[in-house]
Amino acid sequence: MKQAIVITSIFPPTDAVRKFARQKDWRLIVVGDRKTPIDWACDSVRYLSPDDQEASDYAISSRLPWNHYARKMIGYLMAAADGAALLAESDDDNLPEKDWQFPALAG
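Conventions used here
- Residues numbered from 1 in each chain as written.
- Predicted model: local features only at pLDDT ≥ 70, side-chain atom pairs only at ≥ 80, totals over all residues.
- Heavy atoms only, no water.
- Core = buried A, V, L, I, M, F, W, Y, C linked by side-chain atoms within 4.5 Å.
- Buried < 20%, exposed > 50% of the residue type's maximum accessible area, 1.4 Å probe, protein only.
- Helix = DSSP H or I, 4+ residues; strand = E, 2+ residues; numbered from the N terminus.
- Contact = heavy atoms within 4.5 Å.
- Arc of directions from axis to C-beta.
- Patch = residues over 30% accessible without salt bridge, like charges linked within 9 Å, V, L, I, M, F, W, Y side chains within 5 Å.
- Areas by Shrake-Rupley, 256 points an atom, 1.4 Å probe, with all protein chains shown as cover.
- Salt bridge = Lys/Arg side-chain N within 4 Å of Asp/Glu carboxyl O.
- Pairing = 2+ DSSP bridges.
- Axes fitted to C-alpha atoms, helices over the stretch in contact; angles between N-to-C directions.
- Right-handed = clockwise from strand over helix to strand, strands pointing away.
- Phe/Tyr/Trp six-rings, centres within 6.5 Å; stacked < 30°, edge-to-face > 60°.
- Lys NZ or Arg CZ within 6 Å of the ring centre and 35° of its normal.

Undergrad: Which residues make up the nonpolar core, and what values do they have?
TA: Judged by nonpolar contacts, the single largest core of 15 residues is most densely connected at V17, L28, V30, W40 and V45. Elements supplying a minimum of two residues to this core: β1 (2–8), α1 (15–21), β2 (27–31), β3 (45–48) and β4 (84–89). Sequence-distant contacts of W40, that is, excluding residues within four places in its chain, are made with S9, F11, P12, P13, V17, V30, V45 and Y47. Counting eleven residues, the second largest nonpolar core, distinct from the first, contains V31, I74, A79 and A84.

See below:
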């Protein structure tokens, strides 16, 4: 099963982002904003720049405010389009502790 974590960020990759990117069996999508550094990049992360969001086929992109948490919606849509059956979300400052993982999907 495909699983995705969606985060918004206006900062360069944080320790939390790097740790989420290493979560086994999860794909990390980071949704940028107009305040996000233009050269944002992190290994194993799908980064959605403002240009990527505006170029998407999602009409909602033009209706969501910039510099707002709501931009995360684009990440949810792209994760679902990529086949993610389970979506999780967090923040770029929520550092996962050692041995931390998302709860297992009930059977």
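Undergrad: For helix α3 (residues 72–81), give the residues involved together with the corresponding values.
TA: Within the sequence span of α3, burial applies to K72, I74, G75, M78 and A79. An end-on view of α3 places all buried positions within 150 degrees of arc, on one side of the element. Elements that come into contact with the buried residues of α3 comprise β1, β2, β3, α2 (50–55) and β4. Positioned one or two residues after α3, G83 has a phi angle of 100 degrees, which is positive.

Undergrad: Quick one: what's the story with a nonpolar patch on the surface, residue by residue and with numbers?
TA: A surface patch of nonpolar side chains, amounting to about 210 Å² of accessible area, comprises I60, M73 and L77. Structurally, M73 is set in helix α3. The partly exposed category is assigned to M73, whose relative accessible area is 35%.

Undergrad: I'd love a proper account of the sheet that holds β2, names of residues and values included.
TA: An order of β3-β2-β1-β4 is seen for the four strands of this open sheet, with the pairing classed as parallel. Sheet topology places β3 and β4 at the edges, where each strand pairs with a single neighbour. Across this sheet, the average inter-strand angle for adjacent strands is 25 degrees, counted without regard to direction. As judged from the four bridges shared by β2 and β3, these two strands associate in the parallel manner. Within the sheet, the bridge partner assigned to V31 lies in β3 and is L48.

Undergrad: Residues and numbers for the pairing of β2, please.
TA: By the criterion of burial, β2 is predominantly enclosed, with four of the five residues buried. Note: β1 against β2, five bridges, orientation parallel. Note that in β2 the partner of V6 across the bridge is I29. Note on the crossover from β1 through α1 to β2: the handedness is right-handed.

Undergrad: Now, about the packing of aromatic side chains: what can you tell me, with residues and values included?
TA: Applying the stated rule across the entire model yields one aromatic pair. For the ring pair W40 and Y47, a centre distance of 4.8 Å and an interplane angle of 20 degrees mean the geometry is stacked. For W40, a relative accessible area of 7% corresponds to the buried category. According to the relative accessible area criterion, Y47 is buried, its value standing at 16%. The ring of W66 carries the charged tip of R71 above its face, separated from the ring centre by 3.6 Å.

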